[in-house]
Amino acid sequence: MFLVNEQALYENIGAVIKKRRQSLKLTQSDVAERVGITRTSVTNIEQGTQKPPVHLLYRFCHELRLSLDEVLPDPDLVFVKPVVHEEQVAMATATEEVVVSRGLADLIETVKQST
């Protein structure tokens, strides 16, 4: 099971956007106007403190002539393996793997066996 380090993800996305904007000699206001957001939002996205929705990533890519592959970082940069402590258990749900306390895991197994 791996988790996404969201801070690293959005900082990497923001760094790519900023670098490309600067290489095109565009101001944050220029990009904000083209993408349809505020200059402050561009600043926050570039710093990784604002999480742009997917449709905005497409707008950034279009306006900055980037592919989505260029904007999204290598998974190795953002995936982290969670530390599972002795009192925790990794369990698979229908859609993902989660870490729960051993007591909750035992309760879930008891309920599964009784149904």
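Higher on the page you've got the structure.
Residues numbered from 1 in each chain as written. Predicted model: local features only at pLDDT ≥ 70, side-chain atom pairs only at ≥ 80, totals over all residues. Heavy atoms only, no water.

Chemist: Would you mind showing me how to read the overall build of the chain here?
Modeler: The helix and strand tally for the chain stands at 7 helices and 4 strands. For the chain, the share of sequence-separated contacts (at least 6 apart) that also reach a separation of at least 24 residues comes to 53%. Split by element, the accessible area of the chain, about 7,800 Å² in all, is 53% carbon and sulfur. (Helix = DSSP H or I, 4+ residues; strand = E, 2+ residues; numbered from the N terminus. Contact = heavy atoms within 4.5 Å. Areas by Shrake-Rupley, 256 points an atom, 1.4 Å probe, with all protein chains shown as cover.)

Chemist: Looking at this structure, how should I read the side chain of Arg21?
Modeler: Inspection of the secondary structure assignment puts Arg21 in helix α1 (residues 6-23). The exposure class assigned to Arg21 is buried, which follows from its relative accessible area of 7%. Beyond its immediate stretch of four places on either side in the chain, Arg21 contacts Leu26, Thr27, Gln28, Val31, Glu46 and Leu64. (Buried < 20%, exposed > 50% of the residue type's maximum accessible area, 1.4 Å probe, protein only.)

Chemist: For this particular structure, what's the right way to read helix α2 (residues 28-35)?
Modeler: Helical geometry note: an α-helix holds 3.6 residues per turn, so side chains three or four residues apart project in the same direction. Buried within α2 we find Gln28, Val31, Ala32 and Val35. Each buried residue of α2 sits inside an arc of 100 degrees when the element is viewed along its axis, so together they form one side. For α2, the elements touching its buried residues are α1, α3 (39-47) and α4 (54-64). Looking one or two residues past α2, Gly36 carries a phi angle of roughly 90 degrees, positive in sign. (Arc of directions from axis to C-beta.)

Chemist: For this particular structure, what's the right way to read the nonpolar core?
Modeler: Where a protein is soluble and globular, its nonpolar side chains tend to be buried together. In terms of nonpolar packing, the biggest core is built from 20 residues, with Ile13, Val31, Ile37, Phe60 and Leu64 touching the most fellow members. Contributions of two or more residues to this core are made by α1, α2, α3 and α4. Discounting residues that sit within four places of it in the chain, Phe60 has contacts with Ile17, Val31, Val35, Ile37, Val42, Ile45 and Arg65. (Core = buried A, V, L, I, M, F, W, Y, C linked by side-chain atoms within 4.5 Å.)

Chemist: It is not clear to me how the pattern of salt bridges should be interpreted in this structure. Could you clarify?
Modeler: Between side chains of opposite charge, a pair can form as their charged atoms come close. For the structure shown, the criterion picks out 2 salt bridges. Among the salt bridges present, the one from Glu6 reaches Lys51, with a minimum N-O distance of 2.6 Å. In this pair, Glu6 sits in helix α1 while Lys51 sits in the loop between α3 and α4, placing the two residues 45 residues apart along the sequence. The closest approach of N and O atoms between Arg21 and Glu46, which form a salt bridge, is 2.5 Å. (Salt bridge = Lys/Arg side-chain N within 4 Å of Asp/Glu carboxyl O.)

Chemist: Sorry, what's going on with the packing of α2 against α4 here?
Modeler: Packed helix pairs are specified by the crossing angle of their axes together with the interaxial distance, meaning the distance between the axes. Their axes nearest at 9 Å, the elements α2 and α4 cross at an angle of 120 degrees. The orientation of α2 with respect to α4, classified from their angle, is oblique. Crossing geometry of α2 relative to α4 is assigned as right-handed. Every residue of α4 that contacts α2 at Val31, Arg34 and Val35 is listed here: Leu56, Arg59, Phe60, Glu63 and Leu64. Along the lines of polarity and charge, the residues of the contact of α2 with α4 split into 5 nonpolar, no polar and 3 charged. (Axes fitted to C-alpha atoms, helices over the stretch in contact; angles between N-to-C directions. Parallel < 35°, antiparallel > 145°, perpendicular 65-115°, else oblique. Left-handed = near helix turned anticlockwise from the far one by under 90°. Nonpolar A, V, L, I, M, F, W, Y, C, P; charged D, E, K, R; others polar.)

Chemist: Explain the environment of Thr40 to me, please; I cannot follow it from the model alone.
Modeler: Relative to the assigned elements, Thr40 resides in helix α3. For the pair formed by Thr40 and Gln28, sequence separation is 12 residues and the distance between their alpha carbons is 8.3 Å.

Function cannot be read off these values alone, since they describe shape.
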